[in-house]
Amino acid sequence: MNASDPAPRKTWILHVDLDQFLASVELRRHPELAGLPVIVGGSGDPTEPRKVVTCASYEAREFGVHAGMPLRTAARRCPDAAFLPSDSAAYDAASDQVMGLLRDLGHPVEVWGWDEAYVGARVADVGDAIRLAERIREVVAAETGLSCSVGISDNKQRAKVATGFGKPAGIHVLTDANWMSTMGDRGVDALWGVGPKTAKKLAAMGITTVADLAGTDAADLTATFGPTTGLWILLLAKGGGDTTVSAEPWVPRSRSHVVTFPEDLTDPAQMDAAVAELAQRTLTEVVEQLRVVTRVAVTVRTNTFYTRTKIRKLPAPTTAADVVVGAALDVLHLFELDRPVRLLGVRLELAMTDEPAAVVTAGH
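Caption draft 1: How the structure looks around the overall build of the protein. In terms of helices and strands, the protein carries 13 helices and twelve strands. Projecting the C-alpha coordinates of the protein onto the three principal axes gives extents of approximately 75 × 50 × 45 Å. Summarising the internal contacts of the protein: among those between residues at least 6 apart in sequence, 64% fall at separations of at least 24. About 18500 Å² of surface is accessible on the protein, with carbon and sulfur atoms providing 53% of the total. Computing the positive centroid from 37 side-chain charges and the negative centroid from 45, the protein places the two 4 Å apart.

Take a look at the structure:
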């Protein structure tokens, strides 16, 4: 290469994560709450039974409030918080706006949910990647009023971990050069993709830190976890991961709704009515998206927290309400409903583009 040749390029992966996303969207509508603890969940009523926190602002998290916590518990921990109802339509709109801004920057964008995405940037060096991250933060803040953190690495898993070090509203880079010095002494559950069960198995092998795991013989890991999982967690510990960012649009394979009842249901007629309503509500969203239903699943959770899902394939892909709702009720009736029911859910699995079939539409 002569001096006039451009510098070689490599793909850097940027993990963009919107900070306290749901709370931030609400704060755009309620600027008077800025700097105060804000808790989003349910209908916004902290006395409502069996509803949980969807998102807590950083100020609320200082009181130990976190997503998934019952609203009543959150109210006890942070009684002065502002409780706001969830508004999925507002979050959809805000997410779409952010993802559109990311795509407009001209790099492949792989969306992973409401509040996070990967950007694959083929640039000369990490300095260029950092400048792109700064631009992302500036554009998102200027156009939407939302803040984001960006993790930078050469694979998705390491970039995701890097984002955690950048929060809130910062940028962090993890590479081979600083991976082990940053992560080596941390517990194995600090790796994205290593959950409590895997960590427990590793601990039984005497492996508790990332450095321990990275130094473990592959044969020992595959003997315990199998070849796929064993080699994967070893790769994660060494800082490796998936290097591909796909710009293909994500196509949902299903739509679902669940309801947790304020009081357990014991009347079969009430259970039927609830499942029928859930199936109809979910089907309405499917039809709006011009999708077609192929399978119907129903989830039942009893008051003992025993949870089970049953599923039925439809005779043909359809959007006919009588067929879909009828199938949901048929699946519900497969359960032995001999205990009070705490939760019911309906999931409609959808035909994909590679599943051509005759479609039966509503009313036909």
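Caption draft 2: Spotlight on the packing of helix α4 (residues 88-103) against helix α5 (residues 126-144). One way to put it is that α4 packs onto α5 with a least axis distance of 10 Å and a crossing angle of 140°. Considering their axes alone, α4 and α5 lie oblique with respect to each other. Two packed elements cross with a definite hand, and for α4 against α5 that hand is right-handed. Contacts from Q97, V98, L101 and L102 in α4 reach I136, V139, V140, E143 and T144 in α5. Its residues placed into classes, the contact of α4 with α5 shows six nonpolar, two polar and one charged.

Caption draft 3: Here's a closer look at the sheet that holds strand β4 (residues 82-84). Read from one edge of the open sheet, three strands run β3-β2-β4, paired in mixed fashion. Two strands bound the open sheet, and with one partner strand each, they are β3 (55-56) and β4. Bridge count between strand β2 (residues 38-40) and β4: three bridges; the pairing is parallel. Across the sheet, the residue bridging to I39 is F83, located in β4.

Caption draft 4: Inspection of the sheet that holds strand β5 (residues 109-111) at higher detail. In spatial order, the strands read β5-β6-β1-β7-β8; together these five strands make up an open sheet with mixed pairing. Where the open sheet ends on each side, the last strands, each with one partner, are β5 and β8 (171-173). Along the sheet, successive strands turn relative to each other by an average axial angle of 20°, direction set aside.

Caption draft 5: Expanded view of the confidence of the model for the protein. Summarising the model, the protein shows a mean pLDDT of 92, and 94% of its residues fall at 70 or more. Below pLDDT 50 for its whole length, residues 354-364 participates in 14 contacts with residues either more than four positions away or in separate chains.

Caption draft 6: View of the pairing of strand β10 (residues 293-302). Within β10, eight of the ten residues are buried, which leaves the element mostly enclosed by the surrounding structure. Pairing of β10 with strand β11 (residues 307-318) involves eight bridges; the strand directions are antiparallel. Within β11, the position partnered with R295 by the bridge is K313. Looking at chain direction, β10 and strand β12 (residues 341-350) are connected through nine bridges and run antiparallel. For T299, the partnering residue across the bridge sits in β12 and is G345.

Caption draft 7: Focus on the pattern of salt bridges. As enumerated under the stated definition, the model contains 16 salt bridges in all. Among the ionic pairs, K156 bridges to E110, the shortest N-O distance being 2.9 Å. In this pair, K156 is assigned in helix α6 (residues 156-166) and E110 in strand β5, connecting sequence segments 46 residues apart. Accessibility assignment for this pair places K156 and E110 in one class, buried. Between R295 and E349 there is a salt bridge, and its shortest N-O distance comes to 4.0 Å. One end of the pair, R295, is in strand β10; the other, E349, is in strand β12, and 54 residues separate them in sequence. On the accessibility criterion, R295 (28% relative accessible area) is partly exposed. In the salt-bridge network here, residues are joined through shared partners; they are D17, D19 and K167.

What counts and what doesn't
- Residues numbered from 1 in each chain as written.
- Predicted model: local features only at pLDDT ≥ 70, side-chain atom pairs only at ≥ 80, totals over all residues.
- Heavy atoms only, no water.
- Helix = DSSP H or I, 4+ residues; strand = E, 2+ residues; numbered from the N terminus.
- Contact = heavy atoms within 4.5 Å.
- Areas by Shrake-Rupley, 256 points an atom, 1.4 Å probe, with all protein chains shown as cover.
- Lys, Arg positive; Asp, Glu negative; His and termini not counted.
- Charge placed at Lys NZ, Arg CZ, Asp CG, Glu CD.
- Axes fitted to C-alpha atoms, helices over the stretch in contact; angles between N-to-C directions.
- Parallel < 35°, antiparallel > 145°, perpendicular 65-115°, else oblique.
- Left-handed = near helix turned anticlockwise from the far one by under 90°.
- Nonpolar A, V, L, I, M, F, W, Y, C, P; charged D, E, K, R; others polar.
- Pairing = 2+ DSSP bridges.
- pLDDT = per-residue confidence, 0-100.
- Buried < 20%, exposed > 50% of the residue type's maximum accessible area, 1.4 Å probe, protein only.
- Salt bridge = Lys/Arg side-chain N within 4 Å of Asp/Glu carboxyl O.

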